[in-house]
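# Report on the structure
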Protein chains: 2
Amino acid sequence: MSVLQGINPNIRKMKQLEYGALASRANQIKEELRKGVRRHYKEVIDVSWGDSHRAGVKPLTFVRQVLAACVYPPLINSNNLPLDVRQRAQKQLGTCAGGSVGKGYACGISEFIKRRDGGIPSQPENIYISAGSQWSIGNILHVLVNSEASPKTGVLIPVPCHITTAVSITGLGAVTVPYYLSEEQAWALQVEELQRALESAKGVCNPVALYVINPGNPTGYVQSRKSVQEVIRFASEKGLFLLVDEVYQDSVYGENSEFVSYKRALSEMGPPFSGTVELASFHSVSKGFLGECGLRSGYVELVNLDPAVMNYIQTLFSKDSSSPVLGQIALDLMTDPPKPGDPSYPLYNQVGTLELYLLRTSQHYNLPGLSCPPIGGGFYAFVRLHLTPKSIQKSKELGLQPDTFYCMKLLEEGGVLTTPGSQSFSGPLGGAGTLPAGQPLINLNALKEKLKEL
Amino acid sequence: MSVLQGINPNIRKMKQLEYGALASRANQIKEELRKGVRRHYKEVIDVSWGDSHRAGVKPLTFVRQVLAACVYPPLINSNNLPLDVRQRAQKQLGTCAGGSVGKGYACGISEFIKRRDGGIPSQPENIYISAGSQWSIGNILHVLVNSEASPKTGVLIPVPCHITTAVSITGLGAVTVPYYLSEEQAWALQVEELQRALESAKGVCNPVALYVINPGNPTGYVQSRKSVQEVIRFASEKGLFLLVDEVYQDSVYGENSEFVSYKRALSEMGPPFSGTVELASFHSVSKGFLGECGLRSGYVELVNLDPAVMNYIQTLFSKDSSSPVLGQIALDLMTDPPKPGDPSYPLYNQVGTLELYLLRTSQHYNLPGLSCPPIGGGFYAFVRLHLTPKSIQKSKELGLQPDTFYCMKLLEEGGVLTTPGSQSFSGPLGGAGTLPAGQPLINLNALKEKLKEL
């Protein structure tokens, strides 16, 4: 077993994650700056992650106050915290049965989904909470992927798409079937391309599911109602299970952009779609304005699944004991926030104004040598670099992808840490390839905060 | 896909977890008591879980104070918290880079392991943090189990053993190979039985790993140094990977009982063992005196693994983003607790006195109709019920396992919620069977707290 050949062959197919060289260099530079070494910049701006707090975005006061009081209940009696915070903490602990909550919190989530979807019902028994959306996606994939099947199970995923999704799929013994988003059309998802991708899978694998992320990561593209309906029709026609990653649903700020959930669109389409298309929708406290990725909490809502299959899903989610309790509380706070009149409402409500900054920031990337389509939502800017042949040659000599080379220069000379697209995003069939290099990823939310400060 | 036949066949082999009927009835009774319905008891004592807080055990003040200050940093400037708590929170946040910590905390853990093992070195790069030990075990199993192999991969597991371990194994497409612990010898692990189990697997599966839990769950058996050495020799001889669940290592209170880690024993045995036997050791903040199972945090230390295999393990642990940050902080507090002289030391140190209660409690189960071997450590008492033929007949008529019937009566008439052994523990090959019914599981720690109160 100690030799590589002995391990699970599916694990060997996983692309290995390499956050290494850039992050290490950034740490070295930070250390040098601390010791007084002089550079053009005073600190490293880290916008390479989905974690905005890492780059200086402040957590929401209300959320942190309630959590602190839940962790250390004597604070509930302290006058230092607002009344609604203390009442909320008291209420949360009342539900907790001594600190461990289970599926109970899903009640609050179903109310949130119902409000979001204009009154379309949502049932707590169709909702599972887990330690973040990646975990939920992994559990649902685990049910869908038959690792013993021949041909192998296939899952359609977008390109670009964060590498972790592809890693989860290949790790379970399935094959990724890439469909390419259209950069020319602001990274739109096109049904003809889904059709092409599906045909490309013939003889290679047996596609059973279609993974969509809307609003897009890293693209920032927001699907229209019509686009969502087209995808649903396609999934219905081809008998595909829809895995819908909607973790950026609260981060839509483009003009004329609106978030329409797949569940809502499906319900509005009526029979036969509304009663047959199988759907899993994922959300999380990590993304959107809450940005609490360190708490690890998310949920999945399942639509139109067979009750017998639901029993197995229940077992899968139960076997990991509970999801982190403080994350569950944050999920409850996100889905049931302070209301007008509550002492914490005015401060909490200021979050909305962030959107204007984001909108403005997204126009800064169309500088000479850079281009970026308009961004409708999400957390990131996925910027194309127009590199000179000399720069590409230089990067080859150093054994680096051109975008990694650019990101390294941006770090050294500009003090900004970004993620090269070739490193974090999956490409061709099998999940082991890379995109044409040249696209660093930038966390807008974090960059905006830093620009305000500096 | 909507029909059960379409899903992953390994998922269909998983035993479905049923915490249902007893827990529902307990909730009904709690509700009735709240409404003033009179019974022989005033409240339901829930000792059915590994979560002691649920049953009224108080969390540790120091841990909760530091966490609250990390969650809501203005508390660091408050005079309401002890100085060492505020300093510690400041230090933790300093390491956090804005709230998200990665592998860095492993440094503190390796120091803890080194102290525990009498100076045997431990390297941070061999330690991974995750959202609890079940998750770590799942990741390591994922590497070891080849779901496409024929015959299937086998993993030796003890009987009794908590069902979640068996569910993880079968869910990945492997087969559980049971070895029976000896109730007559206080649930001792015997090498001859490992030998018998391994032989029983011939023609059925290809065993690659041996799972051991020491101190035992649910048995409370603590292995001697000699017993650990014997198991290591057996694993070495048979080429088995050792999965060692050591989450109860801080809960050893039996007379003449001592926790000796597998890593320490392995190191002390010297070559060829010390440099060849592959080992994964799991620990967690959920168990022992900390009891913070809601924070979801644990670690695994890997010994003697091939560096190429370690790279894949790194990818598996990285793909789930970080583990819950507050859990990581709790892990750091557990492995680096207050020292003599610190303001929080006197209170924190009182935890030690719990052990005496536990020791006394474990003798209460040898009443007429019940028997329980002496308990050396861990969290639970696994009690044999000597049921009358009439009682067994009655339970059959109700379609219940005899132990479930007993637990239901214990709840109805005594107000104590326990877990039937037949429900939560795995039996025969394949992980889908049950133990001979008749053994409810009782959380000692929680019961002790309740007995003090009532």
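Here's what I pulled together on the structure shown here. (Residues numbered from 1 in each chain as written. Chains lettered and ligands numbered in written order. Predicted model: local features only at pLDDT ≥ 70, side-chain atom pairs only at ≥ 80, totals over all residues. Heavy atoms only, no water.)

What chain A contains, in helices and strands, is 19 helices and 14 strands. The 454 residues of chain A split such that 61% are buried. A sequence separation of at least 24 residues applies to 70% of the contacts in chain A between residues at least 6 apart. As displayed, chain A has an accessible area near 17400 Å², and 53% of this comes from carbon and sulfur atoms. (Helix = DSSP H or I, 4+ residues; strand = E, 2+ residues; numbered from the N terminus. Buried < 20%, exposed > 50% of the residue type's maximum accessible area, 1.4 Å probe, protein only. Contact = heavy atoms within 4.5 Å. Areas by Shrake-Rupley, 256 points an atom, 1.4 Å probe, with all protein chains shown as cover.)

For the rest of this paragraph, the subject is the relation of the copies chain A and chain B. Expressed as a screw transformation, the operator carrying chain A onto chain B has a rotation angle of 180 degrees and an axial translation of 0.0 Å, and the superposed copies differ by an RMSD of 0.0 Å. The superposition of one copy onto the other is thereby described by a two-fold rotation axis. Across chain A, the smallest distance between a C-alpha and the rotation axis is recorded for Ala68 of chain A, namely 2.2 Å. When the interface residues of chain A are mapped onto chain B, 99% of them again fall at the interface, so both copies present the same face. (Least-squares fit on C-alpha atoms with pLDDT ≥ 70 in both.)

Bringing unusual backbone geometry into the picture now. Geometrically, the link from Val159 of chain A to Pro160 of chain A is a cis peptide bond, its omega value of 0 degrees lying close to zero. Relative to the helices and strands, Pro160 of chain A is located in the loop between strand S3 (152-159) and helix H7 (163-171). In this structure, Trp187 of chain B takes a positive phi of about 70 degrees despite not being glycine. Classification of Trp187 of chain B by relative accessible area gives buried; the value is 5%.

All names here are of chain B. At their nearest, the axes of helix H9 (residues 225-238) and helix H10 (residues 262-269) sit 9 Å apart, and the two run at 75 degrees to each other. Taken together, the axis directions place H9 and H10 in an arrangement best described as roughly perpendicular. Across from Arg225, Val228, Gln229, Val231, Ile232 and Arg233 in H9, the residues of H10 making contact are Tyr262, Arg264, Ala265, Leu266, Glu268 and Met269. The residue inventory of the contact of H9 with H10, partitioned by class, reads 7 nonpolar, 1 polar and 4 charged. (Axes fitted to C-alpha atoms, helices over the stretch in contact; angles between N-to-C directions. Parallel < 35°, antiparallel > 145°, perpendicular 65-115°, else oblique. Nonpolar A, V, L, I, M, F, W, Y, C, P; charged D, E, K, R; others polar.)

Glancing now at the side chain of Gln223 of chain A. Residue and element names in this part refer to chain A. Examined against the element boundaries, Gln223 turns out to sit in the loop between strand S5 (205-213) and helix H9 (225-238). For Gln223, a relative accessible area of 2% translates into the label buried. A polar contact is formed between the side chain of Gln223 and the side chain of Ser227, at a distance of 2.8 Å. Reaching out from Gln223, the side chain makes a polar contact with the side chain of Tyr262 at a distance of 2.7 Å. When sequence neighbours within four positions are dropped, the list of residues in contact with Gln223 reads Leu189, Val212, Asn214, Val228, Val231, Glu258 and Tyr262. (Polar contact = N/O pair within 3.5 Å; in protein donor to acceptor, adjacent residues only side chain to side chain.)

At the junction of the two partners, chain A supplies 72 residues and chain B supplies 71 residues. With both sides pooled, the region where chain A packs onto chain B buries about 6100 Å², and carbon together with sulfur makes up 62% of that total. Put simply, chain A and chain B have 2 salt bridges between them. With its nearest N and O atoms 2.9 Å apart, the salt bridge here joins Glu148 of chain A to Lys152 of chain B. Breaking the side of chain A that touches chain B down by element, the ones donating at least two residues are helix H1 (9-13), helix H3 (61-71), helix H6 (133-144), H7, helix H12 (307-318) and helix H13 (325-335) of chain A. For the side of chain A that touches chain B, a count of residues per class yields 34 nonpolar, 25 polar and 13 charged. (Buried area = accessible area lost by both parts, 1.4 Å probe. Salt bridge = Lys/Arg side-chain N within 4 Å of Asp/Glu carboxyl O.)

What follows covers the environment of Tyr180 of chain B. Residue and element names in this part refer to chain B. Tracing the sequence through the fold places Tyr180 in strand S4 (residues 175-180). For Tyr180, a relative accessible area of 36% gives the class partly exposed. Residues Tyr180 and Cys407 lie 227 residues apart in sequence; the distance between their C-alpha atoms is 24 Å.

A word on the packing of aromatic side chains. All names here are of chain B. One pass over the full model with this rule turns up 7 aromatic pairs over all chains. Geometrically, the ring pair formed by Tyr248 and Tyr380 is edge-to-face, given 6.1 Å between the ring centres and 75 degrees between the ring planes. Of the two residues, Tyr248 is situated in the loop between strand S6 (241-245) and H10 and Tyr380 in strand S10 (residues 380-382); the sequence distance between them amounts to 132 residues. Of the residues examined, Tyr248 reaches a relative accessible area of 1% and is grouped as buried. Residue Tyr380 is classed as buried on the basis of its relative accessible area, which comes to 5%. (Phe/Tyr/Trp six-rings, centres within 6.5 Å; stacked < 30°, edge-to-face > 60°.)

Another aspect to go through is the sheet that holds strand S4 (residues 175-180) of chain A. All names here are of chain A. Strand order in the open sheet made by the 7 strands is S2-S8-S7-S6-S5-S3-S4, with mixed pairing throughout. This sheet does not close on itself; its edge strands, each paired only once, are strand S2 (127-130) and S4. Neighbour-to-neighbour, the strand axes of the sheet open up by a mean angle of 25 degrees, direction not taken into account. Seen against the sheet, helix H8 (residues 191-200) touches S3, S4 and S5 and runs at an angle of roughly 150 degrees to S4. (Pairing = 2+ DSSP bridges.)

Time to look at the pattern of salt bridges. This structure, assessed with the given rule, holds 38 salt bridges over all chains. The shortest N-O distance in the salt bridge between Arg88 of chain A and Asp336 of chain A comes to 3.7 Å. You can see Arg88 of chain A sitting in helix H4 (residues 83-95) and its partner Asp336 of chain A sitting in the loop between H13 and helix H14 (345-349), a full 248 residues away along the chain. Look at Arg88 of chain A and you get buried, because its relative accessible area is 11%. Put simply, Glu31 of chain B and Arg34 of chain B hold a salt bridge, and the shortest N to O gap is 2.7 Å.

All names here are of chain B. One open sheet holds the 7 strands; their spatial order is S2-S8-S7-S6-S5-S3-S4, and the pairing between them is mixed. Taken across any chain shown, the strands that pair with only one partner, and hence form the sheet edges, are strand S2 (127-130) and S4. If you compare each strand with its neighbour and ignore which way they point, the axes differ by 25 degrees on average. The pairing of strand S7 (residues 279-284) with strand S8 (residues 298-303) spans 6 bridges and is antiparallel. The partner of Ser281 across the bridge, within S8, is Glu301. Along the sheet, helix H12 (residues 307-318) makes contact with S2 and S8, crossing S2 at roughly 20 degrees.

All names here are of chain B. Across all of its chains, the model carries 0 disulfides over all chains by this definition. The thiol of Cys205 is unpaired, and the distance to the nearest cysteine sulfur, on Cys161, comes to 15 Å. Owing to a relative accessible area of 7%, Cys205 belongs among the buried residues under this scheme. (Disulfide = S-S within 2.5 Å.)

Residues and elements named next belong to chain B. Alternating positions in S2 separate into two faces, Ile127 and Ile129 on one and Tyr128 and Ser130 on the other, with burial throughout. Across 4 bridges, the pairing between S2 and S8 is antiparallel. Bridge pairing in S8 places Ile129 opposite Tyr299.

Moving on, we get to H10 of chain B. Residues and elements named next belong to chain B. Buried residues of H10: Tyr262, Lys263, Ala265, Leu266 and Met269, and no others. All buried residues of H10 project into a common sector of 165 degrees when viewed along the axis, lining one side. The positive-phi residue at the C-terminal boundary of H10 is Gly270, with phi of around 70 degrees. (Arc of directions from axis to C-beta.)

On to the pairing of S4 of chain B, then. Residues and elements named next belong to chain B. Burial within S4 is extensive, with 5 of its 6 residues counted as buried. As paired elements, strand S3 (residues 152-159) and S4 share 6 bridges and run parallel to each other. Pairing of Pro158 across the sheet is with Tyr179, part of S4. For the crossover that starts at S3, traverses helix H7 (residues 163-171) and ends in the parallel S4, the hand is right-handed. (Right-handed = clockwise from strand over helix to strand, strands pointing away.)

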